[in-house]
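Working through the structure, step by step
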Amino acid sequence: MSVHEAITAHTRKMHSHLEQFQVLDEQREAAIEQALTLCAAGQPFSIAEINACTARINEHAKHGISPTRPYVTEDMVRDCVKRSAQ
């Protein structure tokens, strides 16, 4: 394999890794938005899907160059809704 082919293969692998991160991060953001919407409406909400996405993102990050994300608590969701209402 030539140096050019090796660099191209490496670049494709990094790009693919970041594309997968993007998909996972969008899923996490959608779960966060859903929890915020429910909380703001005074309805019960769950952080389970948010943190399941977070776990997938953090595991994915171990195998490449993507960032990790923090786990979310119910208090974090409530605080965010309170701040946005002010």
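This report concerns the structure included in the present document.

Criteria and cut-off values
- Residues numbered from 1 in each chain as written.
- Predicted model: local features only at pLDDT ≥ 70, side-chain atom pairs only at ≥ 80, totals over all residues.
- Heavy atoms only, no water.
- Salt bridge = Lys/Arg side-chain N within 4 Å of Asp/Glu carboxyl O.
- Buried < 20%, exposed > 50% of the residue type's maximum accessible area, 1.4 Å probe, protein only.
- Axes fitted to C-alpha atoms, helices over the stretch in contact; angles between N-to-C directions.
- Helix = DSSP H or I, 4+ residues; strand = E, 2+ residues; numbered from the N terminus.
- Parallel < 35°, antiparallel > 145°, perpendicular 65-115°, else oblique.
- Left-handed = near helix turned anticlockwise from the far one by under 90°.
- Contact = heavy atoms within 4.5 Å.
- Nonpolar A, V, L, I, M, F, W, Y, C, P; charged D, E, K, R; others polar.
- Expected span 1.5 Å × (residues − 1).

Okay, the pattern of salt bridges next. Enumeration over the complete set of coordinates arrives at 6 salt bridges. With its nearest N and O atoms 3.5 Å apart, the salt bridge here joins Arg56 to Glu49. Notably, a salt bridge pairs Glu59 with Lys62, separated by 3.2 Å at the nearest N-O pair. A residue is classified by how much of its surface remains accessible, and Glu59, at 39% relative accessible area, is partly exposed.

Turning next to the packing of helix H1 (residues 3-40) against helix H2 (residues 48-61). At a minimum axis distance of 8 Å, the contact between H1 and H2 shows a crossing angle of 165°. Relative to H2, H1 is oriented roughly antiparallel. The hand of the H1/H2 crossing is left-handed. Of H2, the residues touching H1 (which contributes His17, Gln20, Phe21, Leu24, Asp25, Gln27, Arg28, Ala31, Ile32 and Ala35) are Glu49, Ile50, Cys53, Thr54, Arg56, Ile57, His60 and Ala61. Taken together, the residues of the contact of H1 with H2 sort by class into 9 nonpolar, 5 polar and 4 charged.

With that settled, consider H2. Taking 1.5 Å of rise per residue, the 14 residues of H2 would be expected to cover 20 Å, and the 20 Å separating its terminal C-alpha atoms lies within 8% of that figure. Listing the buried residues of H2 in full gives Ile50, Asn51, Cys53, Thr54, Ile57, Asn58, His60 and Ala61. In this structure, the buried side of H2 is in contact with H1.

Moving on, we get to the environment of Arg83. Relative to the helices and strands, Arg83 is located in helix H3 (residues 74-85). Placed 73 residues apart in sequence, Arg83 and His10 show a C-alpha to C-alpha distance of 43 Å.

Glancing now at the packing of H1 against H3. Running from amino to carboxyl end, H1 crosses H3 at an angle of 65°, the nearest separation of the two axes being 9 Å. On the basis of the axis angle, H1 is roughly perpendicular to H3. As for the relative orientation of H1 and H3, their crossing is right-handed in sense. Touching Ala35, Leu36, Cys39 and Ala40 of H1 are Val77, Arg78, Cys80 and Val81, all from H3. Looking at the contact of H1 with H3 residue by residue, the class counts come to 7 nonpolar, no polar and 1 charged.

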